[in-house]
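So the chains spell out like this:
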Amino acid sequence: MTSNNTAPFTITDEIRAAVRDALTDLNKALEGHTGNNPMINAYRLPAARATLAEIIAIRQAGGTLYDGPTPTEYAAMDKVSEADRAAWYRMPDRAGAAARIAATCEAYGIPADHMIATHALSQAEVKAMVGSADPLAKLAEIHAEAAKKEAERIAAEKAKRIKQVVTAAAALAKFKQDPALAFFAGIDEGIARAELAQAFTNAGLPVPPEQPEEPAKPGKPAPKK
């Protein structure tokens, strides 16, 4: 999830320290005792990922995401049962995420739409931030890139749909049918009239005039504008 992140907010040393502590704990959990652990498996699903604000709340309450050995320490240990290994991990219950995020925002004066509270970190992003001299600056880069990719995805989907409408309209015209049928179907799906009109013009298709508003019939509501 991304946000505009426009609310005024001063990053203090206290917040920087809390962020670094949360990142360290999350990274420790993702590294775990081996390269394949329950936390990594869960983090493959975006819905399972946590924001920094959520992890900060867990840390402030004295919790941890992982209290097991490092991979090196694990390699030197005797055989450990699967149940014991699983107990080393503390995957946050997603049902309590909103409350934890709100608690951190209140404690540190962080706006609810700030990237600390809204951007759920992937494993690659955690690694990048842990290795950065300024994790919050790195998070800002990650956040901006995510917003850019989302905007590009939306634009690509819209362009694809406009192309489909134009193709359908051209097929109608080829078979002596009214291309306006496809035009108004695209409008009904939420495509902006100006954009669709430009696409029709570029394709050499007639742009239909605005549909006249039909007068309301007795017992029937007027059509929506």
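A. Representation of helix H3 (residues 52-60) within the structure. The element H3 is largely enclosed, with a buried count of seven among its nine residues. Restricting attention to buried positions, one finds in H3 the residues Leu52, Ala53, Glu54, Ile55, Ile56, Ala57 and Ile58. Elements in contact with the buried residues of H3: helix H1 (13-31), helix H6 (97-108), helix H7 (115-118), helix H8 (123-130) and helix H9 (135-174). One or two positions beyond H3, positive phi appears at Gly62, with a value near 85°.

B. Seen up close, the pattern of salt bridges. Considering all chains together, one arrives at 14 salt bridges under this definition. Residue Asp25 is joined to Lys28 by a salt bridge in which the shortest nitrogen-to-oxygen separation is 3.8 Å. One end of the pair, Asp25, and the other, Lys28, are both in helix H1, three residues apart, so they sit about a helical turn from each other. Here Arg59 ties to Asp25 by a salt bridge, and the two come within 3.7 Å at their closest N and O atoms. A residue pair is termed long-range when its members are at least 10 positions apart, and Arg59 in helix H3 and Asp25 in helix H1 qualify at 34 residues. Among the charged side chains, a salt-bridge network with shared partners connects Asp21, Asp25, Lys28 and Arg59.

C. Representation of the nonpolar core within the structure. By size, the foremost hydrophobic cluster in this structure holds 35 residues, and its most contacted members are Val19, Leu26, Leu52, Ile116, Leu121 and Leu139. Of all the secondary structure elements, the ones that give two or more residues to this core are H1, helix H2 (38-43), H3, H6, H7, H8 and H9. Considering each element in turn, this core owes the most residues, eight residues, to H1. Not counting residues up to four positions away in its chain, the partners in contact with Leu139 are Leu52, Met115, Ile116, His119, Leu121 and Met129.

D. Region of interest: the packing of aromatic side chains. Considering all chains together, one arrives at four aromatic pairs under this definition. Taking the centre distance of 4.8 Å and the plane angle of 45° together, the rings of Tyr66 and Tyr89 count as tilted. Of this pair, Tyr66 sits in the loop between H3 and helix H4 (71-75) while Tyr89 sits in the loop between helix H5 (82-86) and H6; the two residues are 23 residues apart in sequence, bridging distant segments of the chain. The residues Tyr66 and Tyr89 share a single accessibility class, namely buried. Residues Phe183 and Phe184 carry aromatic rings whose centres are separated by 5.4 Å and whose planes lie at 85° to one another, so their mutual orientation is edge-to-face. Comparing Phe183 with Phe184 shows no difference in burial state: the two are buried. Three or more aromatic residues joined by ring pairs form one cluster here, namely Phe183, Phe184 and Phe200.

E. Representation of the environment of Ala173. Within the secondary structure, Ala173 is located in helix H9. Exposure remark for Ala173: the relative accessible area of 32% places this residue in the partly exposed category. For Ala173 and Leu205, which are 32 residues apart along the polypeptide, the C-alpha to C-alpha distance reads 8.3 Å. Ignoring any residue separated from it by four or fewer positions in sequence, one finds Ala173 in contact with Pro179 and Leu205.

F. Expanded view of unusual backbone geometry. Positive phi, close to 60°, is recorded for Lys176, a residue that is not glycine. Relative to the assigned elements, Lys176 resides in the loop between H9 and helix H10 (180-188). Taking relative accessible area as the criterion, Lys176 reaches 76% and is therefore assigned exposed.

G. Focus on the side chain of Thr104. Counting through the fold element by element, Thr104 comes out in helix H6. At a separation of 3.3 Å, a polar atom in the side chain of Thr104 contacts the main-chain amide nitrogen of Ala57.

What counts as what
Residues numbered from 1 in each chain as written. Predicted model: local features only at pLDDT ≥ 70, side-chain atom pairs only at ≥ 80, totals over all residues. Heavy atoms only, no water. Buried < 20%, exposed > 50% of the residue type's maximum accessible area, 1.4 Å probe, protein only. Helix = DSSP H or I, 4+ residues; strand = E, 2+ residues; numbered from the N terminus. Contact = heavy atoms within 4.5 Å. Salt bridge = Lys/Arg side-chain N within 4 Å of Asp/Glu carboxyl O. Core = buried A, V, L, I, M, F, W, Y, C linked by side-chain atoms within 4.5 Å. Phe/Tyr/Trp six-rings, centres within 6.5 Å; stacked < 30°, edge-to-face > 60°. Polar contact = N/O pair within 3.5 Å; in protein donor to acceptor, adjacent residues only side chain to side chain.

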